[in-house]
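Each chain is listed here by its residues.
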Amino acid sequence: MFYTRWKVFLLLTVWYHTIDGEELDKKKLQKEAYDMFMHGYNSYMNYAFPADELMPLSCKGRIRGLTPSRGDVDDVLGNYSVTLLDSLDTLVVLNELDEFERAVDLVIKQTNIRVLGGLISAHVLAELIKEKYPERMQTYEGQLLKMATEVGNRLLPAFNTTSGLPYSRINLKHGMQDHLKRQKDTCTACGGTMILEFAALTRLTGDPIYEKKARKAMDFLWQQRHRSSDLMGTVLNVHSGDWTRRESGIGAGIDSYYEYTLKAYILLGDESYLDRFNKVIDSILTLLQIKGFQHYDAIKRYITKGPIFVDVHMHRPTVATRGFMDSLLAFWPGLQVLKGDVKEAIEIHEMLFQVIQKHKFLPEAFTHDFQVHWAEHPIRPEFVESTYFLYRATKDPHYLHVAKQVCLSIEIMDSINKYVKVPCGFAALKDIRTMVKEDQMESFVLSETFKYLYLIFTDPEDLVFDPDHFVLTTEAHFLPLSIGHTEPVENVGNPRRMVLRSDEPKQKNYVCANPIDFTKLPTEQEEARLIRERTKVVLGELRNGMTGGSGGQSGSCESPAERMRAWHFSTSNQDHIKQLGQMGIELVNLNDGRLHLSHTSANALSPIFARWGHEFMQEMQEYVETLEKNRELFFFKVKLNLMVTAHFADGSERLVQILSHPYYGKTILQASPAQFGRDLATTTRPVYGPVVISIPYRACDEIVNKDEMIGKVAIVERSGCVFQEKARRVQQAGAIGMIVIDTEENTKFASGRPPFSMASDKDGKDDIEIPSLFLFRLEGDKLLHAMEKNKETVIAMTSQRVSTNATVGELLKKGRMFDFPTLPQCGLRDGDIVWHSLKYPEIILNLRFNGVNQDSDPRMHQEVVERHVTELKKYLIFGDSDYEFQFYEFFRTVAYGALDLNVDNPKLLSVISAISTLKKDAVPPSVYQRLPGEITRVRCIPRGEHMSCSRISL
């Protein structure tokens, strides 16, 4: 741990601009949403059309086979103008009818075709516009429907399976090729998200084959549910129906199956789909209280904990399968609104909004205490979709503010234009923590995200058509509810429409398509506010319980779910003052009106609080500087006079000492620490090792010289990616430490200024075990010069200087100063399964799983691990049976962890004692006939009271 003492003096003069209760200008926001869509659309048309997608950073189109491949993600691409086809109905929503006509002509002239939803929706709206405005669409004669029919016909061979579930992939040009048929698994959502489009195609063409195929797939999925829990897994075999992934939730892999079960009822009026939906959903709440079985009942019983979602085993629904939620579940509140469960929708939506307020964007996945799990953000639409439906159902201006904040001015001070808008469109974020962009703008950004955003700020009567006479597909395409009529609409007299508020007069001239209870009063603005406030309290309690806060066992260390941010700090908030104390920060109000903040890590409640205190003080300094530079960006303004002094409270240094010829320890380079990985100040033992320059030098891509790096200290250059990513890459390549050299010319270490430290990934897991140090440029050049003179340069990374007498003494006594262990270079047929060094100490395991992975059957996990144990017991001899037991407990834990399985990580440091008694017989090559497969290499080193293990590259 790094110990610092900071002193900060603040003079505050505050002006507030209140947004609570602000009367929003919906027309202005509507225009902003319109402009955002048109910027993205015009960028696609100008730089990418007729390619499938826009690459907004490169200002060119993504063309399959020409632009760099993204793997399976590119399977959907076929060079058929996906983005244009997906955006056709959005042009109608925005009343861009001239552009809609032009775009339809372009699509008709294209020789290739896209998915059904965009084509069917565009056809329906083209016919509507042609009828409403006779002067428009004069050349349109149903060409889009003909193209949709061709797509449907090309998709039909995918349904030729034993069960009727479609294969997960089909080539629209060549059909079901043999290699595609070998992919026998499909996700629940893949097989269950066809009924709306296929039913619409049947009703529009009169050919029953499409709806028949989709219904058979839905019926088979329903039969495969677990009969006791009414839950379903996420992946199953298309022939046998056997589940290959049994975890059940409402996120990726299963989300749109639930969506289409309810929407099939809304579109078609078939009560069987509503019955199925109800039977799954109510189970979501029973982790808190058991209710009667009803898919909605099952989800409420087992998968939600208040406003938190927990994925569970479909057959053991009280057992959680993962500790995070993914962003796709953000569609759920919108679906709850359609079901009529507005109050529950408000709770889930508020939980998601809290995550967004914390991170500026909704990460692809986040833990139950709202930490980032997967940091990407491709500008997904699901949260905006749910915000739209909640606003329609409650008329609560809060949801206008949410849309404005999330999509136009995130966290009040920043805007989406700052983070994702680029000259050629909108770029997805690779990491929301660093705001690093990705050269990607998926078609749903235009067809869904900006469509829902525009709809939020637009009254239905201002649209070209009434959206309540349509159901929106999972891709936000419009399908007319009139499809559900069994006879022509003109003969029915009572058209079907959506009703989102129970107080809307129930008129005799329409049929309500969605299941709303007209006997319930609608959820009004004040009630919605109270629900949100209650949800915040529940979330606080849940997160406090997850992180060992109050209410836990006596003697446990209090730890809040998240560190307080500098920009949130308020001197009038007692919780903030309390957390300052926990972090070792003392606050004093001076007579002249200034605030005095002083940080001493040793006074913190725990090591994590000490680290947070250091981060808070750095963040406060950066925040003040930002306020001074960008005062006009903020709704509230703070004028501060800041004075900072700092020093290491424990008196420790961070040093890089060059030990090899001709320096022998005399050259000592002052270094700066890292806020991640092994802390050199907590141990008296330096890290010794030869040095090697990483290739690539910045270590932001895969390490090329892995063989040279094993067992050495990696030298990398600053910039290009975050420090922790560099450390993670060199650690995986086998390095025992990392030294980062500054890129800026003429920088040097200065003891009189605030200490620099390499920032950690504050919202992620610290999975770095090796130590890291930072050298400013002048010190770094000295190290590089030494490496030029001696290609076998050896250094020490340390907090205490290595005696020159010690290095020279070793040379005189042994004829050499250093005796570094040689790591095993194991081929596929020979080498040690277990290698260890007590000098460092470390243990390296070379495991062979022969294709068994996280997704394999649990019995295969156990079998392959126990096969290793059986072979090892023939060749490893320990001092006694207790040591043998300790080692194999350690071995099993590491092996299961290497398979990416969730396993307990007990304090296995005792394995070092066991290893000290180990005697090994030679392992014959015949062992690897019984343990075939490529090597998975894992290194384990002591870290605190635990053994910390990580995979390293071969």
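Owing to the predicted nature of the structure, the values given are computational and were not obtained by experimental measurement. (Residues numbered from 1 in each chain as written. Predicted model: local features only at pLDDT ≥ 70, side-chain atom pairs only at ≥ 80, totals over all residues. Heavy atoms only, no water.)

## Looking at the overall build of the protein
Counting secondary structure elements, the protein contains 30 helices and 39 strands. On the protein, roughly 41,000 Å² of surface is accessible, and the fraction owed to carbon and sulfur atoms is 49%. (Helix = DSSP H or I, 4+ residues; strand = E, 2+ residues; numbered from the N terminus. Areas by Shrake-Rupley, 256 points an atom, 1.4 Å probe, with all protein chains shown as cover.)

## Some details on the UniProt feature "binding site: Ca(2+)" (unreviewed entry) in the protein
With numbering aligned to this structure, UniProt lists the feature "binding site: Ca(2+)" (unreviewed entry) at Thr474. Here Thr474 is in contact with Thr193, Ser256, Glu259, Tyr260 and Glu448, once residues within four sequence places are set aside. At 3.0 Å, the side chain of Thr474 forms a polar contact with the side chain of Glu259. (UniProt positions renumbered as here; feature names shortened; annotations may be inferred. Contact = heavy atoms within 4.5 Å. Polar contact = N/O pair within 3.5 Å; in protein donor to acceptor, adjacent residues only side chain to side chain.)

## What to know about the sheet that holds strand β38 (residues 935-943)
In spatial order, the strands read β34-β35-β38-β39; together these four strands make up an open sheet with antiparallel pairing. Of all strands in the sheet, those bounded by a partner on one side alone are β34 (834-837) and β39 (946-952). Across the sheet, the mean angle from the axis of one strand to that of its neighbour is 20°, orientation sign disregarded. Of the pairings in the sheet, the one linking β38 to β39 comprises seven bridges and is antiparallel in character. Bridge pairing in β39 links Arg943 to His946. (Pairing = 2+ DSSP bridges. Axes fitted to C-alpha atoms, helices over the stretch in contact; angles between N-to-C directions.)

## Here's the deal with unusual backbone geometry
Of note, the bond from Phe49 into Pro50 is cis; its omega dihedral lies within 30 degrees of zero at 10°. With respect to the element layout, Pro50 can be found in the loop between α1 (26-47) and β3 (53-55). Of note, the bond from His661 into Pro662 is cis; its omega dihedral lies within 30 degrees of zero at 5°. Along the chain, Pro662 turns up in the loop between β27 (655-658) and β28 (667-670). Phi is positive for Asn95, which is not a glycine, with a value near 65°. Considering the arrangement of structural elements, one finds Asn95 in the loop between α2 (82-93) and α3 (97-109).

## Some remarks on the side chain of Glu779
Within the secondary structure layout, Glu779 lies in helix α25 (residues 777-789). As a buried residue without a salt bridge, Glu779 has its nearest oppositely charged side chain in Lys782, at a separation of 5.9 Å. Contacts of Glu779, omitting those with residues within four sequence positions, involve Leu669, Gln670, Thr747, Lys748 and Phe749. (Buried < 20%, exposed > 50% of the residue type's maximum accessible area, 1.4 Å probe, protein only. Lys, Arg positive; Asp, Glu negative; His and termini not counted. Salt bridge = Lys/Arg side-chain N within 4 Å of Asp/Glu carboxyl O.)

## As for helix α4 (residues 116-132)
Here α4 contains 17 residues, and its C-alpha end-to-end distance of 24 Å stays within 8% of the 24 Å for a straight helix at 1.5 Å per residue. For α4, the tally of buried residues reaches 12 of 17 residues, placing the bulk of the element in the interior. Residues of α4 that are buried include every one of Leu116, Gly117, Gly118, Leu119, Ile120, Ser121, Ala122, His123, Val124, Leu125, Ala126 and Ile129, and no others. Close packing links the buried residues of α4 with α2, α3, α5 (143-155), α8 (195-205), β19 (470-472) and β20 (478-480). (Expected span 1.5 Å × (residues − 1).)

## So, the pairing of strand β33 (residues 794-798)
Across the five residues of β33, five count as buried, placing the element largely inside the fold. Of the two faces of β33, the one holding Val794, Ala796 and Thr798 and the one holding Ile795 and Met797 are both buried throughout. Where β27 meets β33, four bridges bridge the pair, whose relative direction is antiparallel. Bridge pairing links Ile658 to Ile795 in β33.

## Digging into the side chain of Ser248
In this fold, Ser248 is placed in strand β8 (residues 247-248). Residue Ser248 is classed as buried on the basis of its relative accessible area, which comes to 0%. A polar atom in the side chain of Ser248 sits 2.8 Å from the backbone oxygen of Met232.

## Points about the state of the cysteines
By definition, a disulfide links two cysteine residues through a covalent bond between their sulfur atoms. Summed over all chains, the structure comprises four disulfides. Across the disulfide from Cys940 sits Cys949; the S-S distance is 2.1 Å. Taking the sign of the S-S torsion, 115° for the link of Cys940 and Cys949, the bridge is right-handed. Cys940 gets classed as buried once you look at its relative accessible area, which sits at 0%. (Disulfide = S-S within 2.5 Å.)

## Quick notes on the pairing of strand β29 (residues 687-693)
The buried fraction of β29 amounts to five of the seven residues, a majority that puts the element mostly inside the structure. Where β29 lies against β33, four bridges are found, and the strand directions are antiparallel. Directly across from Val687, in β33, lies its bridge partner Met797. Pairing between β29 and strand β30 (residues 713-717): three bridges, direction parallel. Considered in β30, the bridge of Val691 is made with Val713.

## A look at the sheet that holds strand β13 (residues 365-367)
Taken in spatial order, the three strands line up as β12-β13-β14 in an open sheet, and their pairing is antiparallel. The open sheet has two edge strands, β12 (324-326) and β14 (372-374), and neither has a second partner. Averaged over all pairs of adjacent strands, the angle between strand axes in this sheet comes to 30°, irrespective of strand direction. Sheet analysis places β12 next to β13, joined by three bridges and oriented antiparallel. Paired with Met325 across the bridge in β13 is Phe366.

## Observations regarding the pattern of salt bridges
Taken as a whole, this structure holds 40 salt bridges when the rule is applied. The partner of Arg203 in a salt bridge is Glu211, with the nearest N and O atoms 2.9 Å apart. A relative accessible area of 7% means that Glu211 is categorised as buried. Here Asp679 and Arg654 are joined by a salt bridge, their closest N and O atoms 3.7 Å apart. You can see Asp679 sitting in the loop between β28 and β29 and its partner Arg654 sitting in the loop between β26 (643-648) and β27, a full 25 residues away along the chain.

## A look at the environment of Cys59
Turning to its location among the elements, Cys59 is positioned in the loop between β3 and β4 (60-62). The exposure class of Cys59 is partly exposed, given its relative accessible area of 30%. Sequence separation between Cys59 and Tyr47 is 12 residues, and the spatial gap between their C-alpha atoms is 5.8 Å. Setting aside residues no more than four positions away along its own chain, Cys59 makes contact with Tyr47 and Cys424.

## Overview of the packing of aromatic side chains
Following the criterion strictly, the structure yields 25 aromatic pairs and no others. Pairing Phe361 with Tyr419 gives two aromatic rings, centres 6.0 Å apart and planes at 85°, and the pair type is edge-to-face. In this pair, Phe361 is assigned in the loop between α14 (342-359) and β13 and Tyr419 in helix α17 (residues 416-419), connecting sequence segments 58 residues apart. For Tyr419, a relative accessible area of 10% puts it in the buried group. Over the aromatic face of Trp222 sits the side chain of Arg225, whose NZ or CZ is 3.7 Å from the ring centroid. The ring of Tyr888 carries the charged tip of Lys873 above its face, separated from the ring centre by 5.3 Å. (Phe/Tyr/Trp six-rings, centres within 6.5 Å; stacked < 30°, edge-to-face > 60°. Lys NZ or Arg CZ within 6 Å of the ring centre and 35° of its normal.)

## Regarding the environment of Tyr896
When you line up the elements, Tyr896 lands in helix α28 (residues 881-898). Taking the C-alpha atoms as reference points, Tyr896 and Gln862, separated by 34 residues in sequence, lie 8.4 Å from one another.

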